[in-house]
Amino acid sequence: MAALNGFQKAPNILLTGTPGVGKTTLGKELAERTGLTYISVSDLAKEGELYEGYDEEYDCPVLDEDRVIDELEDRMSTGGMIVDYHGCDFFPERWFQIVFVLRTDNTVLYERLESRGYTDKKLQDNVQCEIFQTLYEEALESYKQEIVYQLPSNTPEDLERNVEQITLWTQQWIKDNN
Ligand code: DAT
């Protein structure tokens with residue numbers, strides 16, 4: 001698809017799910033295909049040090065959600081953003097026209113996280129998060145059910161199909177809204 005011409009309105013898309021399900025991979029590929037802009041909230045927080053303390057139990061910094069929202073507000077109101085984060089309940093609901101929750105089978109996810117160097121508690125917690133479909137439920141509680149979709153994300157074929165379908169949806173949205 002040709003790059004957006006700057007005058008066209010484009011949708012904001014949220015990609016969420018447990019760490020390791022493939023949000024970054026899908027988000028970057030989608031950005032290339034659609035001309036939309038990919039934003040990793042984790043990277044944004046790291047760059048701007050948008051944290052408020054440290055979680056000793058989970059051994060990771062705690063996101064300063066208010067500052068993340070302030071940081072993103074202007075770009076989100078412009079539209080055309082693909083946002084990637086393993087949480088979704090603190091974003092303003094009005095930001096997103098569609099929400100995708102990526103899903104990966106436990107065994108596949110376990111291997112991906114293990115090869116990422118996750119061990120013991122962190123590995124167990126994340127695989128459990130996927131088993132309990134925590135992010136899917138969080139998405140359903142935070143957005144209108146009609147805009148929340150689950151996408152299988154186990155294989156390269158899944159990735160290809162997801163890119164294809166979301167690209168088609170995006171093109172249609174742009175046609176319908178311009
Ligand atoms: P996330 O951003 O959700 O943490 P990622 O995009 O970094 O996940 O992907 C984690 C690993 O899994 C990475 O090595 C790429 C691989 N991967 C992602 N999507 C995949 C898919 N559909 N099929 C096979 N491997 C995939």
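Residues numbered from 1 in each chain as written. Predicted model: local features only at pLDDT ≥ 70, side-chain atom pairs only at ≥ 80, totals over all residues. Heavy atoms only, no water.

Asks: For this particular structure, what's the right way to read the overall build of the protein chain?
Replies: Counting its regular elements, the protein chain contains seven helices and seven strands. Along its sequence from the N terminus, the protein chain presents helices and strands in the succession β-α-β-α-β-β-α-β-β-α-α-α-β-α. Against the globule reference of 16 Å for 178 residues, the protein chain gives a C-alpha radius of gyration of 16 Å, in line with a compact fold. Counting only C-alpha atoms, the protein chain reaches 50 × 35 × 30 Å along its principal axes. Each of the 178 residues in the protein chain was classed as buried or not, and the buried ones make up 44%. (Helix = DSSP H or I, 4+ residues; strand = E, 2+ residues; numbered from the N terminus. Rg over C-alpha atoms; globule rule 2.2 N^0.38 Å. Buried < 20%, exposed > 50% of the residue type's maximum accessible area, 1.4 Å probe, protein only.)

Asks: I would appreciate a short explanation of the sheet that holds strand β6 (residues 98-103) in the present structure.
Replies: Remark on secondary structure: sheet strands pair via backbone hydrogen bonds, oriented parallel or antiparallel. Here five strands make up an open sheet; going across it, the order is β2-β5-β1-β6-β7 and the pairing parallel. Each having just a single partner strand, β2 (37-40) and β7 (148-152) make up the two edges of the open sheet. The mean angle between the axes of side-by-side strands here comes to 25 degrees, regardless of whether they run parallel or antiparallel. Here strand β1 (residues 13-16) pairs with strand β5 (residues 81-84) via three bridges, running parallel. Bridge pairing links Ile13 to Ile82 in β5. Contacts between helix α2 (residues 41-48) and the sheet are confined to β2 and β5, with β2 contributing the most and set at about 65 degrees to the helix. (Pairing = 2+ DSSP bridges. Axes fitted to C-alpha atoms, helices over the stretch in contact; angles between N-to-C directions. Contact = heavy atoms within 4.5 Å.)

Asks: What am I meant to see in the site of the ligand here?
Replies: Among the 14 residues in the neighbourhood of the ligand, the closest are listed as Gly20, Lys23, Thr24, Thr25 and Arg116. One of the side-chain N or O atoms of Thr25 is found 2.6 Å from an oxygen atom in the ligand. Arg112 places a side-chain nitrogen or oxygen 3.4 Å from an oxygen atom of the ligand. Computed on the free molecule, the ligand has an accessible area of 550 Å², of which 73% lies beneath the protein chains in the complex. Looking at the shell around the ligand, the elements that each hand over two or more residues are α1 (23-34) and α7 (156-176). At three residues, α1 tops the list of elements feeding residues into the shell around the ligand. Tallied by class, the residues present in the shell around the ligand amount to four nonpolar, seven polar and three charged. (Near = heavy atom within 4 Å. Polar contact = N/O pair within 3.5 Å; in protein donor to acceptor, adjacent residues only side chain to side chain. Areas by Shrake-Rupley, 256 points an atom, 1.4 Å probe, with all protein chains shown as cover. Nonpolar A, V, L, I, M, F, W, Y, C, P; charged D, E, K, R; others polar.)

Asks: I tried to follow the environment of Gln128 on my own but got confused; where do I start?
Replies: Relative to the assigned elements, Gln128 resides in helix α5 (residues 120-131). For the pair Gln128 and Asp43, spaced 85 residues apart in sequence, the C-alpha separation works out to 24 Å.

Asks: Where do I start with the UniProt feature "binding site: ATP" (unreviewed entry) in the protein chain in this structure?
Replies: Residues annotated by UniProt as "binding site: ATP" (unreviewed entry) correspond here to Gly20, Gly22, Lys23, Thr24, Thr25 and Arg116. In this structure Gly22 comes out as buried when scored by relative accessible area, which is 18%. Setting aside residues no more than four positions away along its own chain, Gly22 makes contact with Leu102, Arg112 and Ser153. Its place among the elements puts Thr25 in helix α1. (UniProt positions renumbered as here; feature names shortened; annotations may be inferred.)

Asks: Looking at this structure, how should I read α1?
Replies: One full turn of an α-helix is made of 3.6 residues, so residues set three or four places apart face in the same direction. The terminal C-alpha atoms of α1 lie 16 Å apart, and with 12 residues this matches the ideal 16 Å at 1.5 Å per residue to within 8%. Listed in full, the buried residues belonging to α1 are Lys23, Leu26, Gly27, Leu30, Ala31 and Thr34. For α1, the buried positions fall inside an angular range of 135 degrees around the axis, keeping them on one side. Buried residues along α1 sit against β1, β2, β5, β6, β7 and α7. (Expected span 1.5 Å × (residues − 1). Arc of directions from axis to C-beta.)

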